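# Reading the structure
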Amino acid sequence: MLATLWHAFPSIAVAQRTQWLTGEALQRQLALPVSIEWEGRPLREGLSRLADSIAPPARLAYMLDRRVDPSRPLSLKIAQVPLREALEQVAAALDLEVAMLGALVYIGPPPAARRLRTLAALRKAEANELPPASRQTMLAETAWNIELLSVPRELLKQSAEKAGIIVTNLEAIPHDLWPAIALPPLSLVDRWTLVLNQFDLTFRIAPGGERIALGAIEPPVTLARRYPMRQGEAQLRNAIEGAAPNATVERASGGLVVRGRVEDHEQIAAALDGTVESPRPNSSTLETRYTMTVRNESLARVMESLRQRLEVNFEIDSEALQRANISTEQLVKLEVRQVTLDELLTALFKPVGLAFRRDGRTVHVQPAK
């Protein structure tokens, strides 16, 4: 059995050189069609071959929940469907679901998959309220290699100690042994969420960021966001409830507060035509002006929204961001009205220590000097 686990993943040395599918390249790949024809193929073997084959030399990062049997045989035929849909069909054939955590495809039991991204978003919101040094420690992304027969409790403990963070109630994590897994850059918040969610646990960050406390996940796992009432209340409520029927909607001053999963809020944003209002020309200069409101959304997703709706392409110096401990997964807030594109980008990037240079519709992003 140990030999099987060892050969199922690349060696640690190889994993450190892996070129992962991330950012816009990953989003494009998820939309491209693939075909799968498996006849009694073990789940992990099939996924590993798929991960290696879709965009060489880049590799799709995936992780199976600890409760999933990786050797379970699967017979499946899928013809020319988007990669995202193909992964969902693979999971559904085993009564599992898929969740995307950054560049990582997580496959696990439906309750765990449905709450994963929302748990991570809640913890990131806590991290964003920390002093700058602690915030950077929590949100900086680094590659993660889980060695063969790693103990999850020790994985969390060691990463916390390395960051100078104390973990209380560590014994809440049951003993377990994991296979070797090579994963793309993830923040501490995402690493801990990924590990703990598989034991139905989460963590809370102390106000100063010097310690975290483990505890059971308390349902419902939801994220609250406010939607301004620029139209009539009934029209806004109908749009929200139609897009996210499982979310709860409450009236608040000047808008509606919605509590739901991250996926619910994404569906609502799409139904409301996103967070970016339709651009309108300024009467005096005829220059396009933009209005945008963002409440606790990851920088990466805001950039993806701009890419899709304004046809802006972002070229990110990932290595420079990593050296500066700046994560595109950190949550941002933004509220601008009737501004130029450069003014919008400045308001987005400057508060998180980034600068940009724009060549037409291509925006080059790097740490501010």
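The structure we're discussing is the one just above.
This write-up is about the structure you can find in this document. Only a predicted model underlies this, so the values are computations on that prediction, with no experimental measurement involved.

Among the nonpolar cores identified, the biggest contains 41 residues, and M138, L183, W192, L194 and I212 are the most heavily contacted of them. When residues in this core are grouped by element, the largest group, six residues, is from helix α9 (residues 188-197). Y62, L64, A86 and L87 belong to the second largest nonpolar core, which has 32 residues in total.

Taken residue by residue, helix α14 (residues 341-349) has L341, L344, L345, L348 and F349 as its buried positions. Seen from one end, α14 has its buried residues packed into an arc of 115 degrees, which puts them on one side.

It is worth spelling out α9 at this point. Most of α9 is tucked away: 10 of the 10 residues are buried. Buried residues of α9: L188, V189, D190, R191, W192, T193, L194, V195, L196 and N197, and no others.

Applying the stated criterion across every chain yields a total of 22 salt bridges. Its salt-bridge partner being R114, residue E97 comes within 2.5 Å of it at the nearest N-O pair. Taken as a pair, E97 in strand β4 (residues 97-101) and R114 in helix α6 (residues 110-127) lie far apart in primary sequence, 17 residues in all. Of the charged contacts in the structure, one is a salt bridge between E297 and R225, with a shortest N-O distance of 3.3 Å. Residue E297 is located in strand β15 (residues 288-298), and its partner R225 is located in strand β11 (residues 223-228); the two are separated by 72 residues in the primary sequence. We note that E297, like R225, is buried. It is possible to trace a salt-bridge network through shared partners that takes in R117, R261, E263, E266 and R301.

Ordered in space as β7-β10-β9, the three strands form an open sheet in which the pairing is mixed. Taken across any chain shown, the strands that pair with only one partner, and hence form the sheet edges, are β7 (166-168) and β9 (201-205). On average, each strand axis in the sheet is tilted by 30 degrees relative to the strand beside it, whichever way the strands run. The sheet contact formed by β7 and strand β10 (residues 211-216) spans three bridges and is parallel. In the sheet register, I166 faces β10, and the bridge partner there is R211. On top of the sheet, α9 reaches β9 and β10; it is set at about 145 degrees to β9, its chief contact.

In the segment running from P56 into P57, the intervening peptide bond is cis, with an omega of 5 degrees. With respect to the helices and strands, the residue P57 is situated in the loop between α4 (43-53) and β2 (61-64). At the junction of P219 and P220, the peptide bond is cis and its omega measures out at -5 degrees in the coordinates. Of note, P220 is situated in the loop between β10 and β11. Of note in this structure, D95 is not a glycine but carries a positive phi near 60 degrees. Tracing the sequence through the fold places D95 in the loop between α5 (83-92) and β4.

Our next topic: the packing of helix α3 (residues 23-31) against α5. Put simply, α3 and α5 touch, their axes get as near as 5 Å, and they point 70 degrees apart. When the interaxial angle is binned, α3 and α5 end up roughly perpendicular. Contacts between α3 and α5 involve Q27, Q29 and L30 from the former and L83, R84 and L87 from the latter. Of the residues contributing to the contact of α3 with α5, the split by class is three nonpolar, two polar and one charged.

Attention now moves to the packing of aromatic side chains. In the structure shown here, the tally under the stated rule is four aromatic pairs. With a centroid separation of 5.5 Å and an interplanar angle of 85 degrees, the aromatic rings of W192 and F203 are classed as edge-to-face. Of the two residues, W192 is situated in helix α9 and F203 in strand β9; the sequence distance between them amounts to 11 residues. Exposure class is identical for W192 and F203. Each is buried. Ring geometry for F349 against F356: centres 6.1 Å apart, planes inclined by 45 degrees, an arrangement best described as tilted. Residue F349 is classed as buried on the basis of its relative accessible area of 0%. Using a relative accessible area of 24% as the deciding quantity, one classes F356 as partly exposed. Among the aromatic side chains, those forming a connected cluster through ring pairs are F314, F349 and F356.

Conventions used here
Residues numbered from 1 in each chain as written. Predicted model: local features only at pLDDT ≥ 70, side-chain atom pairs only at ≥ 80, totals over all residues. Heavy atoms only, no water. Core = buried A, V, L, I, M, F, W, Y, C linked by side-chain atoms within 4.5 Å. Buried < 20%, exposed > 50% of the residue type's maximum accessible area, 1.4 Å probe, protein only. Helix = DSSP H or I, 4+ residues; strand = E, 2+ residues; numbered from the N terminus. Arc of directions from axis to C-beta. Salt bridge = Lys/Arg side-chain N within 4 Å of Asp/Glu carboxyl O. Pairing = 2+ DSSP bridges. Axes fitted to C-alpha atoms, helices over the stretch in contact; angles between N-to-C directions. Contact = heavy atoms within 4.5 Å. Parallel < 35°, antiparallel > 145°, perpendicular 65-115°, else oblique. Nonpolar A, V, L, I, M, F, W, Y, C, P; charged D, E, K, R; others polar. Phe/Tyr/Trp six-rings, centres within 6.5 Å; stacked < 30°, edge-to-face > 60°.

Take it as geometry only, folks, not as evidence of what the structure does.
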